[in-house]
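What follows is the residue order along each chain.
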Amino acid sequence: MWKSDIAEAYRMCPMHPLWQVKQAVRNDGEYYIDRANCFGSSASFAIFVSVNSLIAWIAKKDRGVTSLITYVDDSSGPSITTDKLFYNPYDVELPSAQVALLRLWDELGIPHKPKKQIHGSPLPIIGINVDPNALSFTLPDLVHTRLVTELETWTSPSSSRFRLCRWQRLGGWINWALNVYPDLRPCLNAFYSKIAGKSQSSLYVRINNDVRNDFLWALSMLKLLPPVRLLHSLTWTQAEADVTVLFCDACPKGMGFWLPESSAGFYCPTPHGAPPLIYYVEALCVLAALTHCCSSMKAHQKLLIYTDNSNVVDIFSSLRCRPEFNAIIKLAVTRRVQSQVDLRVLHVPGDMNAVADAISRDEFGRASTLAASLSVPGLTIDNFPYPLPTSTKLFQPPQSSLGATQK
């Protein structure tokens, strides 16, 4: 990988004379007109990006730097190790694509400095180690250690509250780390609910048990999660699935799923005290199907699960949900990571989900008949254990100090 950086990036953009009068800078009692794009304006970023986008377009279309990647003032790309050219101004050999970009910058009068023009493998780009040979993204060891230390601070019994600005800073930090560890997303579900609607940065916000438990889970996952490997992260099609749990369904009475490939169905009654939300039970059914398959699948095999509940598809795809459903998502991620199974959850229309629907309603005879009509004879149905302890505490409405229930 190679990376080049523009020096004093915003300042390379001259401003219109009618705008320059608005950029008066006072120094030692005298006022001076700033003729260049300054860092303090809310439009400075957009102005520079519009200019640099045009420069990147020229580099790609006119100078042959086809694999150019641009992030604000950082430009990077991959290159063959032996494909280098001599760059006279720095008296050094650099990747040919990097030399082509630097020569374009020189032609356009764009400033740059030698220490910011680097290349290697792996190479840190916007704080993430990029390895073009392993096709992986990883956090530098020091950054990883700092993130772990910060999460340990938040989960410490001695930590009870932090100012809102620190909550927001940690949220941005974790979001940046999601580039490397996208499976950590569930640890932010309760986090954002806790600070929703708050805007006063100096306000103290208490850490509740949900946030603390989510961060404890994140700490345990950081020990297990591999780096993002592009070959394993690419989207795969339904036809490429190694195992297909074709249908999952649930009703207030129970849950059921079946595997047409093995003519096997599975049923579990809904336990007493389970939340009276079909959305919750449907998600549990998907978790049960995942748990069942992970025990027999090999590492890096692809698992495809269908459900007729679009909300369940959304939360398993985005890993974003209401805090009370977060335990299901966290457990699903943990089991998938431990078994190194790739999972996709897709939607299927309800009328194509009749077998799983019959199993969930404890109508096993009808399920066998329906399966036979789909050329899957001899359906056997067994019980499966409830995949998650039920807690109705999360679903209780909050109580006011006077004892009245708030909606």
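For the structure itself, look to the data block above.
Cut-offs used in this document
- Residues numbered from 1 in each chain as written.
- Predicted model: local features only at pLDDT ≥ 70, side-chain atom pairs only at ≥ 80, totals over all residues.
- Heavy atoms only, no water.
- Helix = DSSP H or I, 4+ residues; strand = E, 2+ residues; numbered from the N terminus.
- Rg over C-alpha atoms; globule rule 2.2 N^0.38 Å.
- Buried < 20%, exposed > 50% of the residue type's maximum accessible area, 1.4 Å probe, protein only.
- Contact = heavy atoms within 4.5 Å.
- Areas by Shrake-Rupley, 256 points an atom, 1.4 Å probe, with all protein chains shown as cover.
- Lys, Arg positive; Asp, Glu negative; His and termini not counted.
- Charge placed at Lys NZ, Arg CZ, Asp CG, Glu CD.
- Expected span 1.5 Å × (residues − 1).
- Arc of directions from axis to C-beta.
- Pairing = 2+ DSSP bridges.
- Axes fitted to C-alpha atoms, helices over the stretch in contact; angles between N-to-C directions.
- Parallel < 35°, antiparallel > 145°, perpendicular 65-115°, else oblique.
- Nonpolar A, V, L, I, M, F, W, Y, C, P; charged D, E, K, R; others polar.
- Polar contact = N/O pair within 3.5 Å; in protein donor to acceptor, adjacent residues only side chain to side chain.
- Salt bridge = Lys/Arg side-chain N within 4 Å of Asp/Glu carboxyl O.

## Section: the overall build of the chain
The helix and strand tally for the chain stands at 13 helices and 20 strands. For a compact globule of 407 residues, the expected C-alpha radius of gyration is about 22 Å, and the chain comes in at 28 Å, more than 25% above that figure. Across the 407 residues in the chain, those meeting the buried criterion constitute 44%. Within the chain, contacts between residues at least 6 apart in sequence are counted, and of these 70% link residues at least 24 apart. When the accessible surface of the chain is summed, it comes to about 21,800 Å², and 54% of that surface belongs to carbon and sulfur atoms. Mean positive and mean negative side-chain charge positions of the chain (38 and 34 charges, respectively) differ by 8 Å.

## As for helix α2 (residues 44-61)
In a regular helix each residue adds 1.5 Å, so 18 residues correspond to 26 Å; α2 covers 26 Å between its end C-alpha atoms and thus fits that length. Among the residues making up α2, those that are buried are Ser44, Phe48, Asn52, Ile55, Ala56 and Ala59. Angular distribution of buried residues about the axis of α2 spans 100 degrees; they occupy a single face of the element. Seen from the open side of α2, the exposed residues pointing more than 90 degrees away from its buried face are Leu54, Trp57 and Lys61.

## Side note on unusual backbone geometry
The omega torsion of the bond from Ser121 to Pro122 falls at -5 degrees, within 30 degrees of zero and hence cis. Mapped onto the fold, Pro122 is located in the loop between β8 (118-119) and β9 (123-125). Even without being glycine, Glu8 reaches a positive phi, approximately 50 degrees. Structurally, Glu8 can be placed in the loop between β1 (2-5) and α1 (17-20). Even without a glycine there, the phi angle at Ile126 is positive, about 45 degrees.

## What to know about the pairing of strand β5 (residues 74-77)
Side chains Asp74 and Ser76 project from β5 onto one buried face, and the interleaved Ser75 and Gly77 project onto a second face that is buried too. In terms of strand pairing, β1 meets β5 through four bridges, oriented antiparallel. Looking at the pairing, Asp5 lines up with Asp74 of β5. Here strand β4 (residues 69-71) pairs with β5 via three bridges, running antiparallel. Counted as the bridge partner of Tyr71 is Asp74 from β5. Between β4 and β5, which pair antiparallel and follow one another directly, the connecting turn spans two residues, one of which, Val72, has a positive phi of 55 degrees.

## A few points about the packing of helix α7 (residues 209-222) against helix α11 (residues 326-339)
Between α7 and α11, the least distance of the axes is 12 Å, while the angle of their chain directions is 5 degrees. The angle between the axes of α7 and α11 places the two elements in the roughly parallel class. Between α7 and α11, the contacting residues are Asn213, Asp214, Trp217 and Met221 on the first element and Asn326, Lys330, Val333, Thr334 and Val337 on the second. In terms of residue class, the contact of α7 with α11 is built from four nonpolar, three polar and two charged.

## Section: the sheet that holds strand β15 (residues 243-250)
In sheet architecture, strand pairing relies on hydrogen bonds along the backbone and comes in two forms, parallel and antiparallel. Pairing within the open sheet is mixed, and its six strands lie in the order β19-β18-β15-β16-β17-β20. The open sheet has two edge strands, β19 (342-347) and β20 (380-383), and neither has a second partner. Looking at each pair of strands side by side, their axes are set apart by 25 degrees on average, direction ignored. For strand β17 (residues 264-269) and β20, the ladder comprises four bridges, and the chain directions are parallel. Across the sheet, residue Gly265 finds its bridge partner in β20, namely Ile381.

## A short note on the environment of Arg63
As for its position among the elements, Arg63 is in the loop between α2 and β4. Note: C-alpha distance between Arg63 and Leu104 (41 residues apart in sequence) is 7.8 Å. Residue contacts for Arg63: discarding those within four places in its chain leaves Ile58, Ala100, Leu104 and Glu107. A distance of 2.9 Å separates a polar atom in the side chain of Arg63 from a polar atom in the side chain of Glu107.

## Points about the pattern of salt bridges
A side chain with one charge may pair with a side chain of the opposite charge, provided their charged atoms come close. Overall, the coordinates contain ten salt bridges when judged by the stated rule. Note that Asp183 is salt-bridged to Arg336, the shortest N-O span being 2.6 Å. One end of the pair, Asp183, is in the loop between α5 (164-177) and α6 (189-195); the other, Arg336, is in helix α11, and 153 residues separate them in sequence. For the pair formed by Asp183 and Arg336, the shared burial category is buried. Between Asp357 and Arg366 there is a salt bridge whose closest N-O contact spans 3.6 Å. Judged by its relative accessible area of 36%, Arg366 falls in the partly exposed class.

## What to know about the side chain of Arg336
Owing to a relative accessible area of 16%, Arg336 belongs among the buried residues under this scheme. Those residues in contact with Arg336, other than ones at most four positions away along the chain, are Asp183, Cys294, Val341 and Leu343.

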